[in-house]
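# Observations on the model geometry
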2 protein chains.
Amino acid sequence: MDIAKLRAAHPDHWMRAAAIRTLTLDAVAAANSGHSGMPMGMADVATVLFEKHLKFDASAPLWEDRDRFILSAGHGSMLVYSLLYLTGYAQMPLEEIKNFRQMGAKTAGHPENFLLDAVETTTGPLGQGISNAVGFAMAEESLRARFGKKLQDHYTYCIAGDGCLMEGVSHEAIALAGRQKLSKLIVFWDNNNITIDGKVELSDRTDQPMRFKAAGWHVQEIDGHDPEAIDAAITAAKNAGKPSMIACKTHIALGHAQQDTSKGHGALTDADQMKAAKEAYGWTAAPFEIPADIKAQWEAIGSRGREDRAAWEARLDEQSDRRQEEFARTFAGEAPKKLSAVIRALKKQISESAPKVATRKSSEMVLEVINPVLPETIGGSADLTGSNNTLTADMGVFDENNRKGRYVYYGIREHGMAAAMNGMALHGGIRPYGGTFFCFTDYARPAMRLSALMQIPVTYVMTHDSIGLGEDGPTHQPVEHLAICRATPNTLTIRPCDTVETAEAWEIALTSQKTPTVLALTRQGLPTQRKEHKVKNLVAQGGYVLADSDGKRQAILIATGSEVEIAMAAREILQEAGIGTRVVSMPCMELFAEQDLAYRRKVLPAGPVRVGVEAGARAGGWDKLLLGERGREQKQAFVGLDRFGASAPIDELYEKFGITAENVVAQVKALLG
Amino acid sequence: MDIAKLRAAHPDHWMRAAAIRTLTLDAVAAANSGHSGMPMGMADVATVLFEKHLKFDASAPLWEDRDRFILSAGHGSMLVYSLLYLTGYAQMPLEEIKNFRQMGAKTAGHPENFLLDAVETTTGPLGQGISNAVGFAMAEESLRARFGKKLQDHYTYCIAGDGCLMEGVSHEAIALAGRQKLSKLIVFWDNNNITIDGKVELSDRTDQPMRFKAAGWHVQEIDGHDPEAIDAAITAAKNAGKPSMIACKTHIALGHAQQDTSKGHGALTDADQMKAAKEAYGWTAAPFEIPADIKAQWEAIGSRGREDRAAWEARLDEQSDRRQEEFARTFAGEAPKKLSAVIRALKKQISESAPKVATRKSSEMVLEVINPVLPETIGGSADLTGSNNTLTADMGVFDENNRKGRYVYYGIREHGMAAAMNGMALHGGIRPYGGTFFCFTDYARPAMRLSALMQIPVTYVMTHDSIGLGEDGPTHQPVEHLAICRATPNTLTIRPCDTVETAEAWEIALTSQKTPTVLALTRQGLPTQRKEHKVKNLVAQGGYVLADSDGKRQAILIATGSEVEIAMAAREILQEAGIGTRVVSMPCMELFAEQDLAYRRKVLPAGPVRVGVEAGARAGGWDKLLLGERGREQKQAFVGLDRFGASAPIDELYEKFGITAENVVAQVKALLG
């Protein structure tokens, strides 16, 4: 690459981009860790994007109608941090750049949305950012349809690398975006032909432009170091009428001795090589120093959107008070006041009518009353709509010609669905939920972990939550999945036992601000356990006494979901045998653990023998409840499943694996000796 | 679809295919559950494939050189079961067909490799079969290079549906196959335009032929009900010189009232509609009855390969005894005798030299001695070769022009890698291992679960196994991942503390026959703990006393991996303070749980206080070891991490989260009161 020629062709642009490159070099060198090459390769694209196209105001990082900029290749975090510092974001003083990757700094190794307002999403695990971007673009379409172009009308830009495009989730995202004709989504592919192991061709020879075209995208191929080509391509992309991919031929670590090598991907810290690179750039300032004229140019870029924003604020002010309030409420992620009222009414009605339904069906009943009062929900399923029961009558289908529709046919794309939901939740103004079989939590797992890490309240509607799904067999029967969800930090795993608990679970999920919720729901019908109406949300306590012992309390049965019915049946037998038995429903272990000691002691007193019942692995939190919480090793047992399931009708499976009232009774009697 | 015309055009073929269709209808109706439409749609393709192309012998389902046939759209299991019954496999009497989806039947809801020899892989979770198929084809290439065309020279055929092609993992698999020019891999796409939610276009408009071409595949598009077109396409695919995709335009539930509908995907049980469909087929036999002439035709197909196999047996007999033995050993998955000798020698040398190295480096040291004596290993990494340390000097790179190479550059495809490894292990003759960061276990999770369910000894080399990876931050720092692996049935999770334990862990992984192994390895250097050479494999006991107390035993510290060093440092401080302290190294909780009570009691006696130390979530099996196993709630504590990590240098992270010897000491002292 002839650096001198690049400099000469666009000298001002060159120095602006060089500011990104040198900040990157300096920060990585100071940290002695990080990834230099990507920001150096994509500095030109980013500079042109920020200078000429991106709608933003550095003084208002949370402006609801800003264009979203997502760095899917999150290891190149110094690209984002440089841009934030240069354009003058208050959260990014130079000190932060100097503290790159240090304890307590906002400049984490990979961009983290919960540390910086201007970081739209947490990236690093490859393929996630581009898949989030699809969700951002969907959110924009939905909110534009709801609030009008005056309030919501922006683009979503994303930079993705070869790693992002090799990851499977990118396929799901790209196909979904193409299907949905998301015309305000623009992806730059950093086509530098380098991965960690070497040249891309070592592992991949995909014709990416053809691949994107096959998915229904508009595609351009440009020189990623030519600012005019970049500008023209972005303009064309904005008018393409479908999602647009701009393949940017770039040189990783441009101008550095490690340019175009896999070493250039990592931390470039050699002092002499850094010096040589800066010389080639024509950069004479000291480390971390940006010459005043260049900083001024960048700050002008940072305030370029100020007028746009003022005009937008004026348009917002023109709206009726009610509309302004609704807009604010929606973006704040606050549930409407009506929510608790409709939940309560449903609970009351259910307690009275006491239907026997599967909790997946209970969930649908809840959604039928919720969705009409929560216009910000966008629901969907990974091609299991009729099984997950996620579609309600009022929603309409989100589609290219019906952006007011609130139901998404995600296709067989659990991972892409979860990542898109993350994007929607991060965008603001949307409360997404989506369903699949609980077992296929596995497919969505990387994005589900990010929901938790990113502190966003996505709701996962996971049905067919045990061997109770029957004949489809062990590939479809979750065993360890409750354990997986419960072991994940900042995740609520709720397994309701009936419709009332399901309603309470949904209330928790929909009022959560910083925690995702996993609802584990049954395929099989369950009787209503909560026949006495209580206004209070009992699931919010995690566990509670569903039925206390008659007479002296000798046993406590703790159960979740479908196994509460079994525990209740066992209680009946035990009581008849004169063994006083309490049943504790434990729909959410995380919330139970948050209760104070006095409450936990009241629910789980020391003394009686304890038997846990759940059609899943004991590793799913049971040791703590049975051995801990004042339990004792000799006085506890677990009735569950520490192996894979089998293909057979449901009743035979429960029988085969001994998850029966009779076995629970036998365990209690054995423990009582 | 004009059934009459199809019947008339190829009457014999028609009736053979109709046998599949009617068996499917009958079995699903009897089970009152299952998926009728897919086998009915693809019966013509399967019939032509089995009749004219597939190299197999129904009397020898395990023949090492058979063509492999994989039903990626596993819900269509009745297609496979019908074919096995019709062609005369001994394991598939008519009784099994009649017991479809019933308890104890081999005809599980989805095909399960561990129930039927002729089922090459367990499918159902979509996208897995086609991704396994890539591994099968790689295994064939590798074994052909090793043993010669005389012994190994077969095709891998796969039927994939829209669901398989929507799943992200299919992208990884297709791109890998294209990159590797796997010319003996042939995929039929069941292009029926139906998913569970409705028409495919509800969620997808991908141009699949263009997509496959972009990935380097040979592509044909045919009428999937025209036997001549099917035959010609397979012939062309075999000679394509690259992986081949045949897009078969089909009608789901062909000839049934539910043809071309999403209802046709599921269980078609309406008696009148079944009757009408059979009439349309010209089928007059009773349910489950196959007219003798048709059965005879199918059985002739089933024995078509008998001569081929006899010729192959003759060729095998011509080989030297040593070569025959090696071929048999390799396919039996038995480790060579030399393995334990080289492991022992390395252990001895390490105990003496006591290096301080990261266990990912230890793993490389082990592989350097193992790979030369285990020619069946195929290693690789998802683009982290230099970080996972999975490549050894002797391996060579597996590539289109070097099929003897044993190292695979999988690219940024953790899921595709895991699924391909499953395929290789299932094929036989290969012992695959592959690496990525432990945190990205998440990406590979669906395939890792299948390794366990399918009972195949794949080895996952998961490095950077804690916050110890440092600055890359929480997106890259595993917390709940040990819990995930430990909660999964039939999975060995081993976290060694030094090079000796790493060598023992590899010995366990490489001699396992039916259980996959996850090795959790550090980025950071660790001292050698096992300085006294022992021939015995101590990791095989799961946990053992690494250092006993001096004086009265008051405390037991239980630790794994990198935290053993911390426990040992804590022990030193405690001993100096006069508190007798035992350190138990617990590299594998699953193996410890398998030890008899006497041994477990010896290692973890009641009495002393216990502190667990692991830089991960307590949910990862610790409650059982601390509260159970004769532990007591008031006498135990855990030093670990029940939240996400952070981006900072390693030492500061351990300090911040209190995973230090000082904190362990403080916990012990607090417990002793």
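Here we summarise the structure given alongside this text. Just so you know, these numbers come straight off a predicted model, no measurement behind them.

### Describing the overall build of chain A
Of the regular secondary structure elements, chain A holds 27 helices and 20 strands. In summary, chain A has a C-alpha radius of gyration of 28 Å against a globular reference of 26 Å for 673 residues, a match within 12%. Overall, the C-alpha framework of chain A stretches about 95 × 55 × 45 Å when taken along its three principal axes. Evaluated residue by residue, chain A yields a buried proportion of 69% over its 673 residues. Counting only contacts in chain A whose residues sit at least 6 apart along the sequence, the fraction spanning at least 24 positions is 78%.

### Remarks on the interface of chain B and chain A
Listed as interface residues are 99 residues of chain B and, on the opposing side, 99 residues of chain A. Of the roughly 7,900 Å² buried between chain B and chain A, counting both surfaces, carbon and sulfur atoms make up 57%. Counting the contacts that link chain B with chain A gives 12 salt bridges. Among the salt bridges present, the one from A:R413 reaches B:D204, with a minimum N-O distance of 2.8 Å. Where chain B meets chain A, there are 52 residue pairs in polar contact (both at pLDDT 80 or more). For the side of chain B that touches chain A, the element with the highest residue contribution is helix 19 (residues 441-454) of chain B, accounting for eight residues.

### Some thoughts on the sheet that holds strand 20 (residues 636-639) of chain A
All names here are of chain A. Strand order in the open sheet formed by five strands is 16-18-17-19-20, with mixed pairing between adjacent strands. Single-partner strands in this sheet number two, and they are strand 16 (544-547) and strand 20. The average angle at which neighbouring strand axes cross in this sheet is 30°, direction not considered. Judged from the six bridges that link them, strand 17 (residues 553-559) and strand 18 (residues 580-585) form a sheet pairing that is parallel. The residue of strand 18 that forms the bridge with I558 is V584. On top of the sheet, helix 27 (residues 661-672) reaches strand 17, strand 19 (609-613) and strand 20; it is set at about 155° to strand 19, its chief contact.

### Some points on the relation of the copies chain B and chain A
Laying chain B over chain A is done by rotating through 180° and shifting 0.0 Å along the axis; what remains is an RMSD of 0.0 Å. When the rotation and shift are considered jointly, the pair of chain copies conforms to a two-fold rotation axis. Minimal C-alpha separation from the rotation axis in chain B is found for B:G168, amounting to 1.9 Å. Interface overlap between copies is the fraction of interface residues in one copy that are interface residues in the other; for chain B against chain A it reaches 100%, indicating a shared surface.

Definitions and cut-offs
Residues numbered from 1 in each chain as written. Chains lettered and ligands numbered in written order. Predicted model: local features only at pLDDT ≥ 70, side-chain atom pairs only at ≥ 80, totals over all residues. Heavy atoms only, no water. Helix = DSSP H or I, 4+ residues; strand = E, 2+ residues; numbered from the N terminus. Rg over C-alpha atoms; globule rule 2.2 N^0.38 Å. Buried < 20%, exposed > 50% of the residue type's maximum accessible area, 1.4 Å probe, protein only. Contact = heavy atoms within 4.5 Å. Buried area = accessible area lost by both parts, 1.4 Å probe. Salt bridge = Lys/Arg side-chain N within 4 Å of Asp/Glu carboxyl O. Polar contact = N/O pair within 3.5 Å; in protein donor to acceptor, adjacent residues only side chain to side chain. Pairing = 2+ DSSP bridges. Axes fitted to C-alpha atoms, helices over the stretch in contact; angles between N-to-C directions. Least-squares fit on C-alpha atoms with pLDDT ≥ 70 in both.

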